[in-house]
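# Reading the structure
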Amino acid sequence: MLPPRPTAVSQQITFLYAEDPAACRDFYGRVLGLPLVQDQGFAAIYATGGQRAFLGVVQARGPRQGREPRVEGGVVLTLVTPEVEAWHGWLTAAGVAVEAPPSANAATGITHFFFRDPAGYLLEIQRFDRPDWPAPG
């Protein structure tokens, strides 16, 4: 028999490792406008969802092994917003190379587009066009 489950997880941080963390700090702070909530020197932590979801940028211990994020150990960072088209226009105007304009996927009920950060991580801006996605709270 298992002991009682600990209390619910209340916050989440995703750490991304970069050979040039200064470029990534600039990208997430200045370009994307994410608020810096803590600078630990070796790690910069940005809020991505109020006070519940965070993104950390840390010095990598070595170079990226590949650019394909859809393999075991890979990462795709998805930022959810109702303003997908506005983000696409803004990022394009800011000089960020986006992979394609926003597109709707009827099978999954989303509208989205992809781009990369200075360390090569794949990022996605996405909107759920379906009623069963939980509203932010």
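Predicted, not measured: the structure shown is a model, and the values here were computed from it.

What follows deals with the nonpolar core. Ranked by size, the top nonpolar core spans 23 residues in total, and within it Phe-27, Tyr-28, Leu-32, Leu-91, Phe-115 and Leu-123 carry the most contacts. Mapped onto this core, the elements with two or more residues apiece are strand S1 (12-18), helix H1 (21-31), strand S3 (43-49), strand S4 (53-59), strand S5 (76-80), helix H2 (84-93), strand S7 (110-116) and strand S8 (122-128). The element that contributes the greatest number of residues to this core is H1, accounting for four residues. For Leu-123, the contacting residues outside a window of four places in its chain are Phe-27, Tyr-28, Leu-32, Leu-77, Phe-113, Phe-114, Phe-115, Arg-116 and Asp-117.

Applying the stated rule across the entire model yields six salt bridges. Within this structure, Glu-85, Arg-127 and Asp-129 form a network of salt bridges that share partners.

This part covers the packing of aromatic side chains. Applying the stated criterion across every chain, the model contains five aromatic pairs. Judged by centre distance (5.2 Å) and plane angle (85°), the ring pair of Phe-27 and Tyr-28 falls under edge-to-face. Of the two residues examined, Phe-27 and Tyr-28, each falls in the buried class. Grouping aromatic residues by their ring pairs yields a cluster made of Phe-27, Tyr-28, Phe-113 and Phe-115.

A separate point is the sheet that holds strand S6 (residues 103-105). Pairing is mixed in the open sheet, where four strands are placed in the order S5-S8-S7-S6. Only two strands of the sheet have a single partner each, and these edge strands are S5 and S6. Each adjacent strand pair in this sheet contributes to an overall mean axis angle of 35°, direction not counted. The strands touched by H2 within the sheet are S7 and S8, with S7 carrying the most contacts at an inclination of about 20°.

Scoring rules and cut-offs
- Residues numbered from 1 in each chain as written.
- Predicted model: local features only at pLDDT ≥ 70, side-chain atom pairs only at ≥ 80, totals over all residues.
- Heavy atoms only, no water.
- Core = buried A, V, L, I, M, F, W, Y, C linked by side-chain atoms within 4.5 Å.
- Buried < 20%, exposed > 50% of the residue type's maximum accessible area, 1.4 Å probe, protein only.
- Helix = DSSP H or I, 4+ residues; strand = E, 2+ residues; numbered from the N terminus.
- Contact = heavy atoms within 4.5 Å.
- Salt bridge = Lys/Arg side-chain N within 4 Å of Asp/Glu carboxyl O.
- Phe/Tyr/Trp six-rings, centres within 6.5 Å; stacked < 30°, edge-to-face > 60°.
- Pairing = 2+ DSSP bridges.
- Axes fitted to C-alpha atoms, helices over the stretch in contact; angles between N-to-C directions.

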